Amino acid sequence: MTRIKAVWTILLLTAVSLVLIPPQWLAVKAGHPVQRRLPHLWHRAATRLVGIRVRQVGKPETSRPLLIAANHASWVDITVVGSLMPLSFIAKSEVSGWPVFGLFAKLQRTVFVNRQRRSDTGKVADAIAERMAEGDAMVLFAEGTSNDGNCVLPFRSALLGAATRGRAEGEEVWVQPLSVAYHSLHGLPMGRQFRPHVAWYGDMELAGHLWGIFRDGALDVVVTWGTPVRVTGTTDRKALTAQLEAEVRRLTTKSLRMGVNEEFASAPIEAAELFSSAEKPAKAGG
């Protein structure tokens, strides 16, 4: 049954994509405002089809310009965060060449970062600042890589400089911390041992991980919005980075410790081998 579910999920998601891709492509080419809303609609459809239930704690900042600094455990984070509101992401340049994912990233107007060329950091920060000035809410996974979902890695300060880049004296930008925490699968708490079932990190293969998520689904996720930080051109970038890292770590730790909310109660698990390590096509690296 789980395999049939996965196939149906993929077919339905493909159908939704085929409907939304052409108008999104045209909207991006024409610069039409709907280019911000269609990816949001796609992510909302994807979370419903896969069975991902998202609970928000707090609210996103409504003022602009806005940069969102989040933790990162899996490619699933993109769909979870993308389902919350219209926004765009900042991603490593390799993503642009991935099959399917690369196309979706480009259609969501992702800003790509070449992590191998530090000389490009300033140009990328300028591009991000320009997008924010145009009214786009930009999401930065500030750890620079994904983890096992049980912790928050140190934040990198380089691209957070986009919040202060080229700002006139007195001009304000909002930077908001965001925590993403995976709580349960089929209504059962994951715990530290099984949370990597959702996390995608190290040398895990993407295809096998995708299939596992489509097959098992029924994920419960809690996203927590932290207090927005008002930033100006004189704000110290490293101090800002430390503040955001501490807040996201605090929110994530609190969320993971609070347990599964009653509203996430679900049907019992169906397969005894749901968390089998055999499902991982590759062992995660450091």
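Refer to the structure printed above.
Quick caveat: nothing in here was measured; it's all calculated off a predicted structure.

(A) Representation of the packing of aromatic side chains in the model. The final tally for this structure, using the stated rule, is five aromatic pairs. Where Trp42 meets Phe104, the ring centres are 5.0 Å apart and the plane angle is 55°; that geometry is what we call tilted. Highlighted residues: Trp42 in helix H2 (residues 37-50) and Phe104 in helix H4 (residues 101-107), separated in sequence by 62 residues. Of the residues examined, Trp42 reaches a relative accessible area of 14% and is grouped as buried. Overall, Phe104 belongs to the partly exposed group, its relative accessible area being 24%. An angle of 85° between the planes, with centres 6.0 Å apart, marks the rings of Trp75 and Phe101 as edge-to-face. A residue pair is termed long-range when its members are at least 10 positions apart, and Trp75 in the loop between strand S2 (66-70) and helix H3 (76-82) and Phe101 in helix H4 qualify at 26 residues. Given the relative accessible area of 10%, Trp75 is considered buried.

(B) Spotlight on the packing of helix H1 (residues 2-30) against H2. As a packed pair, H1 and H2 sit with axes 10 Å apart at the nearest point and diverge in direction by 170°. By the criterion of interaxial angle, the relationship of H1 to H2 is roughly antiparallel. Contacts from Lys5, Thr9, Leu12, Leu13, Val16, Ser17, Leu20, Pro23 and Gln24 in H1 reach Leu38, Pro39, Leu41, Trp42, Ala45, Ala46, Leu49 and Val50 in H2. For the contact of H1 with H2, a count of residues per class yields 13 nonpolar, three polar and one charged.

(C) Quick look at the environment of Tyr201. Its location among the elements puts Tyr201 in the loop between helix H6 (191-194) and helix H7 (206-216). Accessibility expressed as a relative area gives 17% for Tyr201, which makes it buried. Each C-alpha atom, one on Tyr201 and one on Asn147, is 5.6 Å from the other, the two residues being 54 residues apart in sequence.

(D) A look at the packing of H1 against H7. Between H1 and H7, the shortest axis-to-axis distance is 7 Å and the interhelical angle comes to 105°. Regarding the angle of H1 to H7, the classification is roughly perpendicular. Two secondary-structure elements touch here, H1 through Thr2, Arg3, Lys5, Ala6, Val7, Thr9, Ile10 and Leu13 and H7 through Trp211, Phe214, Arg215 and Asp216. Residues of the contact of H1 with H7, tallied by class, amount to six nonpolar, two polar and four charged.

(E) Up close: helix H8 (residues 237-257). With 21 residues, H8 should cover 30 Å at 1.5 Å per step; its first-to-last C-alpha distance of 30 Å lies within 8% of that length. Check the buried side of H8 and you find it contacts S2, strand S6 (173-185), strand S8 (219-225) and strand S9 (229-231). The N-cap residue of H8 is Asp236: its side-chain oxygen and the backbone nitrogen of Lys238 are 3.2 Å apart.

(F) Geometry of the pattern of salt bridges. Evaluation of the coordinates by the stated rule reveals eight salt bridges. When salt bridges with common partners are traced through the structure, they connect Arg36, Arg109, Arg131 and Asp136 into a single cluster.

(G) Geometry of the side chain of Arg195. Relative to the helices and strands, Arg195 is located in the loop between H6 and H7. Asp148 provides the closest opposite charge to the buried, salt-bridge-free Arg195, at an N-O distance of 7.4 Å. Not counting residues within four places of it along the chain, the set of residues in contact with Arg195 comprises Asp148, Gly149, Asn150, Tyr182, Met190 and Leu256.

(H) Region of the structure containing unusual backbone geometry. Following Arg64, the chain continues into Pro65 via a peptide bond in cis, with omega recorded as 0°. Mapping Pro65 onto the fold places it in the loop between strand S1 (52-57) and S2. Of note, the phi angle at Val100 is positive, near 65°, even though the residue is not glycine. Along the chain, the position of Val100 falls in the loop between strand S3 (88-92) and H4. Using a relative accessible area of 52% as the deciding quantity, one classes Val100 as exposed. Of note in this structure, Arg109 is not a glycine but carries a positive phi near 60°. Mapped onto the secondary structure, Arg109 falls in the loop between H4 and strand S4 (111-113).

(I) The arrangement of the pairing of S8 in detail. Of all seven residues in S8, seven are buried; the element is thus mostly enclosed. Neither face of S8 is left uncovered, since the one carrying Leu219, Val221, Val223 and Trp225 and the one carrying Asp220, Val222 and Thr224 both have all their residues buried. Pairing geometry for S1 and S8, over six bridges, is parallel. In the sheet register, Val54 faces S8, and the bridge partner there is Val221. Note: S6 against S8, seven bridges, orientation antiparallel. Bridged to Leu178 within S8 is Trp225.

Parameters and conventions
Residues numbered from 1 in each chain as written. Predicted model: local features only at pLDDT ≥ 70, side-chain atom pairs only at ≥ 80, totals over all residues. Heavy atoms only, no water. Phe/Tyr/Trp six-rings, centres within 6.5 Å; stacked < 30°, edge-to-face > 60°. Helix = DSSP H or I, 4+ residues; strand = E, 2+ residues; numbered from the N terminus. Buried < 20%, exposed > 50% of the residue type's maximum accessible area, 1.4 Å probe, protein only. Axes fitted to C-alpha atoms, helices over the stretch in contact; angles between N-to-C directions. Parallel < 35°, antiparallel > 145°, perpendicular 65-115°, else oblique. Contact = heavy atoms within 4.5 Å. Nonpolar A, V, L, I, M, F, W, Y, C, P; charged D, E, K, R; others polar. Expected span 1.5 Å × (residues − 1). Polar contact = N/O pair within 3.5 Å; in protein donor to acceptor, adjacent residues only side chain to side chain. Salt bridge = Lys/Arg side-chain N within 4 Å of Asp/Glu carboxyl O. Lys, Arg positive; Asp, Glu negative; His and termini not counted. Pairing = 2+ DSSP bridges.

Everything listed here is a matter of coordinates, which is why it stays silent on function.
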